[in-house]
Amino acid sequence: MDRDISRNAINWYPGHMNKARIMMEENIRLVDLVIEIVDARAPLSSRNPDIDRLGKGKGRVIILNKSDLSDKALNEKWKAYFISKGIQAVLLDSKGKNGLKGIMTAVNNACAAKIAKDRAKGIVNSSLKAMVVGIPNVGKSTFINAFVGKNVATTGNKPGVTKGKQWIMVNKELELLDTPGILWPKFEDQEVGRRLAYLGSINDEILVTEELAGDLLVALYRDYPKFLEDRYKITADVVDSESEAAFSTPQSRMLDHIAKNRGCLKKGGEVDYFKTAGIVLDDFRSGRIGLITLERP
Ligand code: G4P
């Protein structure tokens with residue numbers, strides 16, 4: 001019964017998503033270990049819980065990537081959260097190549113049972129097979145490049161391995177499927193969609209950037225007010241001020257304030273909301289507002 005429901009739900013996904021899902025389900029069968037990449041700034045919104053079902057029986061490692069941009073205190077809390085769920089977790093900055101050292105320990109811990117079983121059977125030199133999965137834009141390719149380095153040999157068409165698959169020898173202990181598996185975000189949850197949009201993981205072109213930036217400012221004012229004060233001089237006076245303008249909201253008051261300070265005005269003095277929103281989103285995504293995590297465990 002459950003199966004039918006999920007099948008119907010999956011039919012709502014566009015064709016390419018369906019194709020990616022089928023390919024991933026096939027590939028997962030070939031590996032001992034699933035390395036799931038999430039965005040440390042929104043570790044729940046940037047993962048799809050279906051991976052728990054798809055990765056059942058496999059070793060599991062979660063990489064909290066882009067941890068150079070996220071809240072340091074919350075990084076530790078999120079890491080502890082996943083470990084408490086029985087999943088090895090590693091904080092990483094794939095772009096700056098910081099944190100790579102912890103990965104092999106996590107991999108070996110995640111596959112301890114398989115390693116012990118192989119040893120008991122007298123198999124000593126077997127390598128683990130792994131694949132990287134994650135929703136778009138979390139840094140899967142950046143991670144693979146950073147982890148694998150430059151001088152790697154790829155192997156293909158091994159017995160028992162589906163034709164055409166390329167395996168990268170990371171080291172003596174680990175082989176990695178060269179193409180990451182793409183998971184789909186939880187489209188149906190609006191809050192998730194919004195957080196992914198803040199992070200720039202959903203195409204801006206289909207969104208109203210002014211609304212997005214306004215809502216982001218409200219969220220940041222709630223959780224990181226000091227950062228907004230430091231970067232944009234936004235204080236309670238600005239957010240709570242009585243305004244005579246029709247439809248004035250905390251969102252519009254903050255955007256107005258930033259626009260005036262940054263000179264984002266059109267001819268005639270009207271606020272250029274689109275430009276202002278662009279500045280806010282850009283500042284946020286590049287970490288210029290501060291090291292921020294949008295959700296708490
Ligand atoms: P994907 O395969 O999961 O779709 O993601 P991809 O590796 O293409 O990375 C998406 C963007 O995230 C890239 O930025 C990449 O540089 C950035 N990124 C990946 N890992 C990290 C990280 O740990 N820290 C930071 N700060 N950024 C990271 P881009 O703007 O699309 O490209 P680029 O201008 O950086 O080359």
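Just so we're clear, the structure is a prediction, and the values are computed from it rather than from any experiment.

Visitor: Requested: an account of the overall build of the protein, with residues and values cited.
Guide: A count of helical and extended segments in the protein gives 13 helices and eight strands. A total of 297 residues make up the protein; the buried ones form 44% of that total. Pairs at least 24 residues apart make up 69% of the contacts formed inside the protein by residues separated by at least 6 positions. Summing over all exposed atoms, the protein offers an accessible surface of approximately 15,900 Å²; the carbon and sulfur share of this is 52%.

Visitor: Tell me about helix α4 (residues 72–84), residues and numbers included.
Guide: For α4, with 13 residues, the first-to-last C-alpha span of 19 Å sits near the 18 Å given by 1.5 Å per residue. Considered for burial, the residues of α4 that qualify are L74, N75, W78 and F82. Buried residues of α4 fall within an arc of 110° about the axis and therefore sit on the same side. α4 presents A73, K77 and S84 as exposed residues on the side facing more than 90 degrees away from its buried surface. Among the structural elements, β2 (59–65) and β3 (88–91) are those in contact with the buried residues of α4. The distance from a side-chain oxygen at the start of α4 to the backbone nitrogen of A73 is 3.0 Å, and the residue carrying that oxygen is D71.

Visitor: Quick rundown of the environment of Y198? Include the residues and the values.
Guide: Looking at where Y198 falls in the secondary structure, it is placed in helix α8 (residues 190–199). Between the alpha carbons of Y198 and R285 there is a distance of 7.5 Å; along the sequence they are 87 residues apart. Residue contacts for Y198: discarding those within four places in its chain leaves L212, D215, L216, F284, R285 and L294.

Visitor: Can you tell me about the packing of aromatic side chains, naming the residues and giving the values?
Guide: For the coordinates displayed, the defined rule picks out five aromatic pairs. Between the aromatic rings of F143 and F147, the centroid separation amounts to 5.1 Å while the plane-to-plane angle is 15°, which identifies the pairing as stacked. Of the two residues, F143 and F147 are both situated in helix α7 (residues 140–148); the distance of four residues between them amounts to about one turn of the helix. Like F147, F143 is buried. Seen from their ring centres, Y224 and F227 are 5.3 Å apart, and the 10° between their planes marks the pair as stacked.

Visitor: Please provide a residue-by-residue account of the nonpolar core, values included.
Guide: Membership of the largest hydrophobic core comes to 74 residues, with the highest contact counts inside it found for I35, F143, L174, L176 and F284. Summarising the domain contributions, this core has at least three residues from each of domain 1 (10–178) and domain 2 (208–286). Apart from residues no more than four positions distant in its own chain, F143 is found in contact with I35, I37, I63, L92, S94, I103 and V132.

Visitor: Which residues make up unusual backbone geometry, and what values go with them?
Guide: If you check the backbone angles, K97 has positive phi at about 55° while not being a glycine. By secondary structure assignment, the location of K97 is in the loop between β3 and α5 (101–110). Overall, K97 belongs to the exposed group, its relative accessible area being 52%. Unlike most non-glycine residues, K233 shows phi in positive territory, near 60°. You can see K233 is positioned in the loop between α10 (225–232) and α11 (236–240). Here K233 falls in the exposed class, since its relative accessible area comes to 55%.

Visitor: Please give an account of helix α12 (residues 250–262) that cites residues and values.
Guide: Along its 13 residues, α12 runs 18 Å from first to last C-alpha, staying within 8% of the 18 Å computed at 1.5 Å per residue. Buried residues of α12: S252, R253, M254, L255, D256, I258 and A259, and no others. Summarising the contacts, the buried residues of α12 are in contact with α9 (209–223), α10, α11 and α13 (273–285). Following α12 by one or two positions, G263 adopts a phi angle in the positive range, close to 70°.

Visitor: Any details on the site of the ligand? Residues and values, ideally.
Guide: The environment of the ligand is formed by 14 residues, the closest being D68, S94, K140, S141 and T142. Between the ligand and the protein, one listed contact pairs an oxygen atom with a backbone N or O atom of N137 at 2.9 Å. A distance of 2.6 Å separates an oxygen atom of the ligand from a polar atom in the side chain of T142. In the complex, the protein chains occlude 63% of the 710 Å² of accessible area that the ligand would expose alone. Among the elements that take part in the shell around the ligand, α7 stands out by supplying three residues, more than any other.

Visitor: Describe the side chain of R285, with residues and values.
Guide: By the element assignment, R285 lies in helix α13. Within the structure, R285 has its side chain in polar contact with the backbone oxygen of A197 (distance 2.7 Å). One polar contact links the side chain of R285 to the main-chain carbonyl oxygen of Y198, over a distance of 2.9 Å.

Visitor: An account of the pairing of β3 is requested, with residue identities and associated values reported.
Guide: By the bridge criterion, four bridges tie β2 to β3 in an arrangement that is parallel. Among the inter-strand pairings, I62 is bridged to a residue of β3, identified as A89.

Scoring rules and cut-offs
- Residues numbered from 1 in each chain as written.
- Predicted model: local features only at pLDDT ≥ 70, side-chain atom pairs only at ≥ 80, totals over all residues.
- Heavy atoms only, no water.
- Helix = DSSP H or I, 4+ residues; strand = E, 2+ residues; numbered from the N terminus.
- Buried < 20%, exposed > 50% of the residue type's maximum accessible area, 1.4 Å probe, protein only.
- Contact = heavy atoms within 4.5 Å.
- Areas by Shrake-Rupley, 256 points an atom, 1.4 Å probe, with all protein chains shown as cover.
- Expected span 1.5 Å × (residues − 1).
- Arc of directions from axis to C-beta.
- Polar contact = N/O pair within 3.5 Å; in protein donor to acceptor, adjacent residues only side chain to side chain.
- Phe/Tyr/Trp six-rings, centres within 6.5 Å; stacked < 30°, edge-to-face > 60°.
- Core = buried A, V, L, I, M, F, W, Y, C linked by side-chain atoms within 4.5 Å.
- Domains from an automatic or database assignment.
- Near = heavy atom within 4 Å.
- Pairing = 2+ DSSP bridges.

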